[in-house]
Amino acid sequence: MKTTGLAASGNLRLIPRPKTLSFPKPMSNGWTFRAVASIALSLFLAFAMLPQFATAQERQRYRLAPGDILQLGVFGVADFARRVTVNVDGDISVPFLGEVRAEGLTIHDLRIALSEALTKDGRIQSADVTVEMVEHRPFYITGDVSRPGAIPYRPGVTVRHAIALAGGYDALRFRTENPLMTAPDLQSENQGLWIDFARQQALVASLKGEISGTAEIDLMPIYSAPLERKTLDEIADFERNDLKMRLENYGKQRTHLQTMLQDAEQTLAALQTIQTSNAESLRLQQDALDRALKSASKGLVATTRVDDERRSLSELRSRSTDTESRVDQARRQKEEVSRTIEQQDEQRRTQLNNSLREATIELEKLAARIQASSEKLLYTGAVKAQLRGSGGGPELIIHRKVDGLTVDLTAREDTEILPDDVLDVSIRPDQIMAIAKGQ
């Protein structure tokens with residue numbers, strides 16, 4: 001079978017030419033069976049080659065435009081080889097020829113034009129020119145994809161390939177290139193946030209109960225969280241037990257301090273009784289000394305008696321001084337214990353109020369994080385539903401230049417992309433919300 005048409009795009013493509021049909025001459029007695037079979041086989045082969053011929057012709061219809069990069073060469077002329085780019089004017093710079101028009105030509109047409117121009121110029125005899133495509137001009141993708149912009153073109157690239165090269169779908173700039181993998185992680189994160197939220201709610205309730213001094217707290221609000229009943233019961237039981245333990249510890253500390261205060265009060269009372277008794281003894285001893293001195297002045301008692309009364313008075317004064325010192329010490333100890341109890345109450349109230357304020361702030365933060373996580377789940381589920389076909393899927397529009405005019409083509413993921421195409425990917429928010437609410 002003969003073939004024509006040397007490919008100039010880097011790969012050799014053979015365009016089959018149908019065989020020339022030759023009919024055997026009829027014999028005197030008419031067509032023979034072999035002749036009829038030969039004609040039928042020839043017709044079959046000829047028509048079988050027509051689709052291949054049309055496909056090859058269709059594939060050669062790629063037209064050059066600014067941005068295409070070509071490799072030129074002439075067999076036997078090493079200095080001629082070079083890489084050229086079709087400039088904005090649609091020309092390429094060729095040795096010996098200068099600027100040559102390339103825009104709108106196929107690679108095959110350009111090769112023929114260069115060969116004829118070089119031969120006509122006389123510089124090269126029988127120029128065997130090669131023109132190979134090095135890099136096609138890019139196409140562009142915009143809209144709801146992760147990395148919009150220019151993408152180098154490759155023959156056979158489809159919308160699906162283009163979206164993959166752009167990083168996948170990106171609904172409202174939220175990465176959902178693989179929603180089937182993202183959704184479980186988001187669901188786990190959302191559930192963890194709800195658990196933390198329920199714990200924080202229980203903590204707020206227990207702190208309020210601790211401030212009021214009661215172990216009976218209302219934990220029903222935590223059961224509004226979308227969690228399993230068993231999980232919520234465990235959170236409630238833990239917080240009740242924790243509150244009970246905190247109250248018991250505080251009660252023990254308070255009882256210990258109250259006991260110390262009572263002991264200090266009892267000690268002080270006993271010393272004050274002794275102090276009163278000592279004062280009375282001092283008064284009586286002073287009276288006895290005064291009588292002894294009066295009697296001694298009259299010679300009624302010996303002077304030794306006066307000395308004894310003076311020693312007794314001195315001992316009582318010393319004992320009274322010691323008792324007064326112990327009374328002062330007991331009074332200070334009582335005041336310190338009382339002050340410690342007051343400080344403990346103040347510090348506890350301050351700590352509880354601070355803890356309650358921090359827990360309330362953390363509760364608000366968790367509520368905001370849950371809202372953001374829920375929105376992510378909402379969008380992820382909606383986009384996943386769109387990608388699976390619910391609601392018609394993302395809107396894919398190709399803006400393509402045809403004969404100098406830009407036309408909009410509705411595309412599918414298997415639609416082929418051409419250079420200079422602009423693929424617009426749109427996942428509309430109203431579609432996302434409608435799908436999410438319908439789930």
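Details of the structure are given in the entry above.
So, how was this worked out
The residue numbering used here restarts from 1 in each chain and proceeds along that chain's sequence as written. Local features are withheld for residues below a pLDDT of 70 in this predicted model, meaning they are given only at 70 or higher, and side-chain atom pairs are given and counted only at 80 or more; totals for whole chains, interfaces and linings count all residues. Water and hydrogen atoms were dropped before computing side-chain values, which therefore reflect all heavy atoms in the structure. Throughout this description, buried means an accessible area under 20% of the type-specific maximum (1.4 Å probe, protein chains only), exposed means over 50%, and partly exposed covers the range between. Each helix corresponds to a stretch of at least 4 residues labelled H or I by DSSP, and each strand to a stretch of at least 2 residues labelled E; elements are numbered beginning at the N terminus. Here the rule is simple: two strands pair whenever DSSP picks up at least two bridges between them. To define axes, lines are fitted to C-alpha atoms, for helices over the stretch in contact only, and angles between the resulting N-to-C directions are given on a 0 to 180 degree scale.

What follows covers the pairing of strand β8 (residues 139-143). Only one face of β8 is covered, namely the face carrying Phe139, Ile141 and Gly143; the face carrying Tyr140 and Thr142 is uncovered. Where β8 meets strand β9 (residues 149-151), 3 bridges bridge the pair, whose relative direction is antiparallel. Bridge pairing in β9 links isoleucine 141 to glycine 149. Remark: 5 residues form the turn of the hairpin made by β8 and β9, two consecutive strands paired antiparallel. Of the pairings in the sheet, the one linking β8 to strand β14 (residues 422-426) comprises 4 bridges and is parallel in character. The residue of β14 that forms the bridge with threonine 142 is aspartate 424.

Spatially, the 3 strands line up as an open sheet ordered β4-β3-β7, and their pairing is antiparallel. Single-partner strands in this sheet number two, and they are β4 (77-85) and β7 (129-135). Looking at each pair of strands side by side, their axes are set apart by 20° on average, direction ignored. Two elements, strand β3 (residues 69-74) and β4, share 5 bridges in a ladder whose sense is antiparallel. Of the residues in β4, the one forming a bridge with leucine 72 is arginine 82.

Moving on: the sheet that holds β8. Overall, mixed pairing links the 5 strands, which are arranged β9-β8-β14-β12-β13 in an open sheet. Here the strands that pair on one side only, and so sit at the sheet edges, are β9 and β13 (405-410). For this sheet the average axis-to-axis angle between neighbouring strands, irrespective of direction, equals 25°.

Note that all results are geometric; they support no functional claim without further evidence.
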